[in-house]
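The residues making up each chain are set out below.
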Amino acid sequence: MSSPRISSPATSSPGGAPVLREVVPPERRRAGKRAGAFLGAAVLAGIVAYAVLVPMLAGTDQKLTDFSSARLPPSSAHLFGTDHAGRDLFVRLASGLRVSLLIAVLCAVLAMVLGMLVGAVSAALGGRADRIIMRCIDAVNAVPHLLLGVVIVAMFRGSVTAIIASIALTHWTQVARIVRAEVLSLRGLEYVEASYLLGGTRAQVLWRHFLPAALGQGTVATVMLLPHAIWHESTLSFLGLGLSPDRASLGTLLQEAQAEVMLGGWWALAFPALLLVCTTLAIAACGAGLVSKTGGRS
């Protein structure tokens, strides 16, 4: 039996008559979030399978060119068409997506580790140390992330390590705030106070109690960081500051698509952009499902 819908009074209409606003029951909202998370997970699994399997099964060197097949529109022979050098975009886009996903995962994991350590240590120390660390976090947040990333990558242009560092060092602060709030809620619990009374040091309590308890929130924050990392890598490569043009990624493919669109090659832009949006939405749906499982905290 479906849950009854509840109507609650809202603001009056322009004519003065009261307007009833429909309130969706919590069970239905949770069911909708679960369905969205399941759909997002299914789409994301398909995207990851495409990125991993297609380059392996293709068995072709994506650096080889065939100018006789350049700028062919989508067809049965080339599902996504070909680029200016005659390379199959279906295979090349899969290779680029694999690189972008790998960079995004490494960035998110590095940001999670750094953010969890800083946030947990800040909350565990408390007092003046906590205030100093939080002001440092505010200072990092005050600088535009993209601008700081551009500065870091510009010093080591084309370096994957620099790209990962630039994204991780501009996104760890969100994780630190979430973990700090979680640890602050644990400091007054009985088992934590008992650990101190039994002779546990701050470092031991941090390692045994605070970090394991905050791991769930840190994992949710990491998943939510993945779309940001993908977009930042794509933006840096699109600006010509990320990977070199011969190394496919979503950003480099979008950069190449600028010239192709002017020559009528709409597919060179449409498919990478569509895949970028679908990947972002799928990860966001999975993250929303994780948030609902953790009680709505993110």
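Our subject in this report is the structure included herewith. These numbers come from a predicted model, not from an experiment.

1. Quick look at a nonpolar patch on the surface
Here's step 1: Taken together, the side chains of Val-48, Val-52, Leu-53, Met-56 and Leu-57 present a nonpolar region at the surface, about 480 Å² in accessible area.
Here's step 2: Structurally, Val-48 can be placed in helix H1 (residues 26-58).

2. Looking at unusual backbone geometry
Here's step 1: The phi dihedral of Arg-71 falls on the positive side, at around 55 degrees, and the residue is not glycine.
Here's step 2: Looking at the element boundaries, Arg-71 is found in the loop between H1 and helix H2 (89-125).
Here's step 3: By relative accessible area, which is 37% here, Arg-71 ends up partly exposed.

3. Let's talk about the packing of H2 against helix H3 (residues 127-142)
Here's step 1: The geometry of H2 relative to H3 is characterised by a closest axis approach of 7 Å and an angle of 150 degrees between their N-to-C directions. Within the contact between the two elements, H2 uses Val-118, Ser-122, Ala-123 and Leu-125 and H3 uses Gly-127, Ala-129, Asp-130, Ile-133, Met-134 and Ile-137.
Here's step 2: In terms of residue class, the contact of H2 with H3 is built from seven nonpolar, two polar and one charged.

4. With respect to the side chain of His-145
Here's step 1: Considering the arrangement of structural elements, one finds His-145 in helix H4 (residues 145-155).
Here's step 2: Since its relative accessible area comes to 19%, His-145 is described here as buried.
Here's step 3: Those residues in contact with His-145 that lie beyond four places of it in its chain are Thr-170, His-171, Gln-174 and His-232.

5. Things to note about the packing of H3 against helix H5 (residues 160-186)
Angle between the axes and distance between the axes: these two values describe a pair of packed helices.
Here's step 1: Look at H3 against H5: their axes get within 9 Å of each other, and the N-to-C directions meet at 140 degrees. By the angle between their axes, H3 is oblique relative to H5. Read as a crossing pair, H3 and H5 show a hand that is left-handed. Facing Asp-130, Met-134, Ile-137, Asp-138, Val-140 and Asn-141 of H3, the residues of H5 in contact are Leu-169, Trp-172, Thr-173, Ala-176, Arg-177 and Arg-180.
Here's step 2: For the contact of H3 with H5, the class distribution of residues is six nonpolar, two polar and four charged.

6. Observations concerning the packing of aromatic side chains
Here's step 1: Enumeration according to the criterion identifies five aromatic pairs in this entry.
Here's step 2: Between the aromatic rings of Phe-80 and Phe-90, the centroid separation amounts to 5.1 Å while the plane-to-plane angle is 75 degrees, which identifies the pairing as edge-to-face. Taken together, the positions of Phe-80 in the loop between H1 and H2 and Phe-90 in helix H2 put the pair ten residues apart, joining distant regions of the chain.
Here's step 3: Looking at Phe-80, the relative accessible area reads 18%, which means it is buried.
Here's step 4: Pairing Phe-80 with Phe-271 gives two aromatic rings, centres 4.2 Å apart and planes at 10 degrees, and the pair type is stacked. Residue Phe-80 is located in the loop between H1 and H2, and its partner Phe-271 is located in helix H9 (residues 267-293); the two are separated by 191 residues in the primary sequence.
Here's step 5: What makes Phe-271 buried here is its relative accessible area of 19%.
Here's step 6: Ring-pair connections join several aromatic residues into one group, and the members of that group are Tyr-50, Phe-80, Phe-90, Trp-266, Trp-267 and Phe-271.

7. With respect to H4
Here's step 1: If you check which residues of H4 are buried, you get His-145, Gly-149, Ile-152 and Val-153. Projected down its long axis, H4 carries its buried residues within an arc of 95 degrees, all on one side. Facing away from the buried side of H4 by more than 90 degrees, the exposed set consists of Leu-147 and Met-155.

8. Description of the environment of Arg-208
Here's step 1: Tracing the sequence through the fold places Arg-208 in helix H7 (residues 202-238).
Here's step 2: Judged by relative accessible area, Arg-208 falls into the exposed class, the value being 57%.
Here's step 3: The sequence separation of Arg-208 and Val-192 amounts to 16 residues, and the corresponding C-alpha distance is 9.8 Å.

9. What about the pattern of salt bridges?
Here's step 1: Per the counting criterion, the structure on display carries seven salt bridges.
Here's step 2: Between Arg-92 and Glu-256 there is a salt bridge; the shortest N-O distance is 2.8 Å. A residue pair is termed long-range when its members are at least 10 positions apart, and Arg-92 in helix H2 and Glu-256 in helix H8 (residues 250-262) qualify at 164 residues.
Here's step 3: A relative accessible area of 18% means that Glu-256 is categorised as buried.
Here's step 4: Three or more residues are tied together by salt bridges with common partners; here these are Asp-83, Arg-87, Arg-92 and Glu-256.

Rules of the game
- Residues numbered from 1 in each chain as written.
- Predicted model: local features only at pLDDT ≥ 70, side-chain atom pairs only at ≥ 80, totals over all residues.
- Heavy atoms only, no water.
- Patch = residues over 30% accessible without salt bridge, like charges linked within 9 Å, V, L, I, M, F, W, Y side chains within 5 Å.
- Areas by Shrake-Rupley, 256 points an atom, 1.4 Å probe, with all protein chains shown as cover.
- Salt bridge = Lys/Arg side-chain N within 4 Å of Asp/Glu carboxyl O.
- Helix = DSSP H or I, 4+ residues; strand = E, 2+ residues; numbered from the N terminus.
- Buried < 20%, exposed > 50% of the residue type's maximum accessible area, 1.4 Å probe, protein only.
- Axes fitted to C-alpha atoms, helices over the stretch in contact; angles between N-to-C directions.
- Contact = heavy atoms within 4.5 Å.
- Nonpolar A, V, L, I, M, F, W, Y, C, P; charged D, E, K, R; others polar.
- Parallel < 35°, antiparallel > 145°, perpendicular 65-115°, else oblique.
- Left-handed = near helix turned anticlockwise from the far one by under 90°.
- Phe/Tyr/Trp six-rings, centres within 6.5 Å; stacked < 30°, edge-to-face > 60°.
- Arc of directions from axis to C-beta.

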